[in-house]
Amino acid sequence: MTPVSRAAAVSSGRPEPTTPWWRDAVFYQVYPRSFADSDGDGIGDLAGVRSRLGYLELLGVDAIWLNPVMRSPMADHGYDVSDPRDIDPMFGDISDLDDLVADAHARGLRVVMDLVPNHVSTEHAWFREALRSGPGSRARRRFHFRDGRGPDGSEPPNNWPSLFGGPAWTRITEPDGTPGQWYLHVFAPQQADLNWDDAEVVTDLEKTLRFWLDKGVDGFRIDVAHGMAKPSDLPDHDGWEANELLGHSPDDPRFNNPEVHDIHRRIRQVLDDYPEAVAIGEIWVDDHERFAEYLRPDELHLAFDFHLTLAGWDADAVRLSVEKGLAAVAAVQASPTWTLSNHDVDREVTRYGGGAVGSARARAMILVALALPGAVFVYNGAELGLPNVDLPDEVLQDPVWERSGRTERGRDGCRVPLPWEGGEPPFGFTSAPSAWLPQPPEWRALTVEKQLEDTGSTLSLYRRAIELRHERAEFAGDEIGWYGSPPGCLAFRRPGGLTCVLNAGKVPVELPDGAVLLASASLTGRTLPPDAAAWLV
Ligand code: GLC
């Protein structure tokens, strides 16, 4: 589709198309702190995003997902929301959001916001009220407050750890000044878990959904969407070897409790009043069948399949994650969602080995992802081939760093602000002397400005790949067929006629029949070098 026709489709309010817009959409994840700064404080903001919409149009994406921009003390960079129906002054105000949505729609871009239903900031009015009110009060029932264990209640109510290190419980001081109850926080102590058995928690989320949808927002990415429901007895658990969001055990009591599906049905009922809105879940559930339960017709529209993200540079692992992912969503008549990175994981260039090899592999893998049926999410900076940055201790901000006793560096390395133009930091990201996290001087070779001029750049590869995916009929069809391929390689074909070949092996391989539409590396004749992928028709 051309940008013009996409714009018309967004704004005309015409009847729902048979294929929902999000099904095969390319989403661009904007980490607002790190995308573009308009007011010179060194931190990105909504007006900055708005000022760069032309770039996203040029890139050719269909939609943007904005990480949280709601009011927040920023203990976890916005995932600690103190008012879910307001914009944090760091990012602007409500009118900046309105302007961004209006401008994005005028350019044919949809806007999806981040919703954080599992927890709220301890600065949220509800939590402050809970601190003022005594044990057993109505205000405390919105959270998980419990008496401590041990004779004086000085031990946490159960043995759950926080994902950010330390116990998942913090003890409060009661209004009379005595040591008091404990509250549950699966993440940082500033992120108090909500009690989803409380009716008001549910109705308040519905209010939040409608608040943003009535503003014209096109949907939500739902944070920790497998986490809201907790077993009411909050039982101890044996075995905390795996205590990561990216990899927790299937019986981890903090996640994937069956009651969570009722919450998704309530969310879906609201979204069904806005027929074009989409709900995309962050679902870290390893088992494919249980993952797919979230995509039943009355629950989420889309859910991130992180198996591909975690597959590594291994053709068999990539193939398995794709095969299993497609089968899982097909079983519930849903469509898949692929992503290679986001603000929580190391950037793909780094994961695939770093340097020139890591860049070549990341270029190859985006061709794999964009060749698949379903939605694809691109994390800002991936299109520039940015690697993770080794940051010095003193600039680290992720709560993981302090909570782990400075043993885990956390996620700041993948959140360094984008280089736009010029020869030295802050590369046009901000008019301040430096960005909130320092950009390496080597990024002078990776700026948007540089890469737009270079037809061989990673940015040019992304632009061309996204354009072809939108335009070419060969991308049709929901299934894929696998070809036999040499060791270390994979090859699949869409029913429309597109073939994608990946060489993750060590030696060059012959390409199958067909004209080369696009390749991630220079080809010599019909030979695909290692660390490369090609599309054929
Ligand atoms: C999600 C977010 C992550 C955040 C966590 C707690 O996993 O992606 O950035 O820290 O939830 O809200």
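Just so it is clear, the model here is predicted, and its values are computed rather than measured. Sequence order sets the numbering: in each chain, residues are counted from 1 along the sequence as written. For this predicted model, a pLDDT threshold of at least 70 governs which residues receive local features, and a threshold of 80 or more governs which side-chain atom pairs are given and counted, while totals over whole chains, interfaces and linings are taken from all residues. Computation of side-chain values: all heavy atoms of the structure, hydrogens and water removed.

Peer 1: Which parts of the structure should I look at to understand the overall build of the protein?
Peer 2: Counting secondary structure elements, the protein contains 16 helices and 24 strands. The globule rule used here is 2.2 Å times the number of residues to the 0.38 power, and the radius of gyration it is set against is calculated over C-alpha atoms. Expected size for 537 residues packed as a compact globule is a radius of gyration near 24 Å; at 23 Å, the protein falls within 12% of this value. Based on the C-alpha atoms only, the size of the protein along its principal axes is roughly 80 × 50 × 50 Å. For the exposure calls, accessible area comes from a 1.4 Å probe over protein chains only, and a residue counts as buried if that area is under 20% of its type's maximum, exposed if over 50%, partly exposed in between. Expressed as a percentage of its 537 residues, the buried residues of the protein come to 59%. Sequence separation of 24 or more characterises 65% of the internal contacts of the protein that already satisfy a separation of 6 or more. The method behind every accessible area is Shrake-Rupley, applied with a 1.4 Å probe, and residues are considered shielded solely by the protein chains displayed. Accessible surface, the protein: about 20300 Å² in total, of which carbon and sulfur atoms supply 51%. By the counting rule applied here, Lys and Arg register as positive and Asp and Glu as negative, while His and the ends of each chain are not counted. Here the site of a charge means atom NZ of a Lys, CZ of an Arg, CG of an Asp or CD of a Glu. Of note, the protein has its 51 positive side-chain charges centred 2 Å away from the centre of its 83 negative side-chain charges. A run of DSSP states H or I qualifies as a helix once it reaches four residues; a run of E qualifies as a strand once it reaches two. Both are numbered from the N-terminal end. Any two residues whose heavy atoms approach within 4.5 Å at even a single point are treated as in contact.

Peer 1: Sorry if this is basic, but what is going on with helix α11 (residues 315-330) here?
Peer 2: Since the α-helix packs 3.6 residues into each turn, any two residues three or four apart lie on the same face. By definition here, a helix of n residues has an expected span of 1.5 Å times n minus one. Taking 1.5 Å per residue as the helical rise, α11 with its 16 residues ought to reach 22 Å, and the 22 Å between its terminal C-alpha atoms agrees with that figure. Looking at α11, one finds that the buried residues are Ala-315, Val-318, Ser-321, Val-322, Gly-325, Leu-326, Ala-328 and Val-329. Polar contact is the term for a pair of N or O atoms within 3.5 Å; when the atoms are in protein, one must be able to donate a hydrogen and the other to accept it, and sequence-neighboring residues count only if both atoms are side-chain atoms. Measuring from the side-chain oxygen of the N-cap residue of α11 to the backbone nitrogen of Asp-316 gives 2.9 Å; that N-cap residue is Asp-314.

Peer 1: What should I look at first to understand the site of the ligand in this one?
Peer 2: When we say a residue is near a molecule or strand, we mean one of its heavy atoms is within 4 Å of it. Taken together, 15 residues form the shell around the ligand, and within it Asp-76, Asp-223, Glu-282, His-343 and Asp-344 come nearest. Within the contact set of the ligand, an oxygen atom lies 2.8 Å away from a side-chain nitrogen or oxygen of Asp-223. At 2.8 Å from an oxygen atom of the ligand is found a side-chain nitrogen or oxygen belonging to His-343. When the ligand is considered free in solution it has 310 Å² of accessible area, and contact with the protein chains removes 100% of it. Amino acids are sorted into nonpolar (Ala, Val, Leu, Ile, Met, Phe, Trp, Tyr, Cys and Pro), charged (Asp, Glu, Lys and Arg) and polar (every other residue, Gly among them). Class assignment of the residues belonging to the shell around the ligand gives a composition of five nonpolar, three polar and seven charged. For every domain, the bounds stem from an assignment made automatically or drawn from a database. The residues that make up the shell around the ligand include at least three from each of domain 1 (20-119 + 199-465) and domain 2 (125-193).

Peer 1: How should empty space enclosed by the protein be read in this particular structure?
Peer 2: A probe matching the size of a water molecule, rolled over the atoms, marks out where space remains unfilled. As defined here, a cavity is a set of points on a 1 Å grid over the protein atoms alone where a 1.4 Å probe fits but cannot get out. A pocket is an open set with protein on both sides within 12 Å along at least five of seven lines, and residues line them when an atom is within 4 Å of a point. Grid points are joined across faces, edges and corners, and a volume is the space filled by probe spheres set on the points. Under the definition given, this model contains four cavities of 30 Å³ or more. In this model, the largest cavity occupies a volume close to 170 Å³. Looking at the largest cavity, it is lined by 15 residues, and the ones nearest its centre are Pro-84, Val-116, Val-120, Leu-194 and Leu-205. Sorting elements by how many residues they give to the lining of the largest cavity places helix α7 (residues 199-214) first, with four residues.

Peer 1: Please clarify how the sheet that holds strand β24 (residues 532-536) should be interpreted in this entry.
Peer 2: For sheets, the rule is that strands pair by backbone hydrogen bonds, running either parallel or antiparallel. DSSP-based pairing: two strands are paired if at least 2 bridges between them are found. Read from one edge to the other, the open sheet built from five strands follows the order β18-β19-β20-β24-β22, with strand pairing classed as antiparallel. This sheet does not close on itself; its edge strands, each paired only once, are β18 (481-482) and β22 (516-519). The sheet contact formed by strand β19 (residues 489-493) and strand β20 (residues 499-503) spans five bridges and is antiparallel. Bridge pairing in β20 links Ala-491 to Val-501. Only the stretch in contact is used when a helix axis is fitted, and all axes are lines through C-alpha atoms; the angle between N-to-C directions ranges over 0 to 180 degrees. Contacts between α11 and the sheet are confined to β18 and β19, with β19 contributing the most and set at about 30 degrees to the helix.

Peer 1: In this structure, what is going on with the side chain of His-261? I would like to understand it.
Peer 2: Structurally, His-261 is set in helix α8 (residues 260-271). Once you skip the residues sitting within four places of it in the chain, His-261 turns out to touch Glu-293, Tyr-294, Arg-296 and Glu-299.

Peer 1: Sorry if this is basic, but what is going on with the packing of aromatic side chains here?
Peer 2: For any pair of aromatic rings, the description rests on two quantities: the centre-to-centre distance and the angle between the ring planes. Classification of ring pairs uses Phe, Tyr and Trp, with its six-membered ring standing for Trp, and accepts pairs whose centres are within 6.5 Å; under 30 degrees between planes counts as stacked, over 60 as edge-to-face, and the remaining range as tilted. For the structure on display, the rule yields 20 aromatic pairs. Taking 6.0 Å as the distance between ring centres and 70 degrees as the angle between the ring planes, the aromatic pair formed by Trp-65 and Phe-377 counts as edge-to-face. With a gap of 312 residues between them, Trp-65 in strand β2 (residues 63-66) and Phe-377 in strand β17 (residues 375-379) connect regions that are remote in the sequence. What makes Phe-377 buried here is its relative accessible area of 4%. Geometrically, the ring pair formed by Trp-284 and Phe-306 is stacked, given 3.7 Å between the ring centres and 10 degrees between the ring planes.

Peer 1: Would you mind going over the sheet that holds strand β8 (residues 169-173) with me for this structure?
Peer 2: The strand order across the open sheet formed by three strands is β7-β9-β8, and the pairing between neighbours is antiparallel. Only two strands of the sheet have a single neighbouring strand rather than two, namely β7 (145-146) and β8. The pairing of β8 with strand β9 (residues 179-184) spans four bridges and is classified as antiparallel. The partner of Thr-173 across the bridge, within β9, is Pro-179.

Peer 1: Explain the domain arrangement of the protein to me, please; I cannot follow it from the model alone.
Peer 2: Segmenting the protein into domains produces domain 1 (20-119 + 199-465), domain 2 (125-193) and domain 3 (479-536). Computed over C-alpha atoms only, the centres of domain 2 and domain 3 are separated by 55 Å.

Peer 1: It is not clear to me how a negative patch on the surface should be interpreted in this structure. Could you clarify?
Peer 2: To count toward a patch, a residue needs a relative accessible area over 30% and no salt bridge; like charges are then connected within 9 Å, while nonpolar side chains (Val, Leu, Ile, Met, Phe, Trp, Tyr) are connected within 5 Å. Salt bridge, as used here, is a side-chain nitrogen of Lys or Arg placed within 4 Å of a carboxyl oxygen of Asp or Glu. On the surface, Glu-421, Glu-449, Glu-453 and Asp-454 cluster together to form a negatively charged patch. Note on placement: Asp-454 falls in the loop between α15 (448-453) and α16 (458-471).

Peer 1: Sorry, what's going on with the pattern of salt bridges here?
Peer 2: All told, the structure shown has 39 salt bridges when counted by the stated rule. The partner of Glu-206 in a salt bridge is Arg-266, and the shortest N-O contact between them spans 3.0 Å. Taken together, the residues span a long stretch of sequence, with Glu-206 in helix α7 and Arg-266 in helix α8 at a distance of 60 residues. A relative accessible area of 37% means that Arg-266 is categorised as partly exposed. Notably, a salt bridge pairs Asp-272 with Arg-268, separated by 2.9 Å at the nearest N-O pair. What makes Asp-272 partly exposed here is its relative accessible area of 46%. Taken together, the shared-partner salt bridges connect Asp-76, Asp-344, Asp-398, Arg-411 and Arg-415 into one network.

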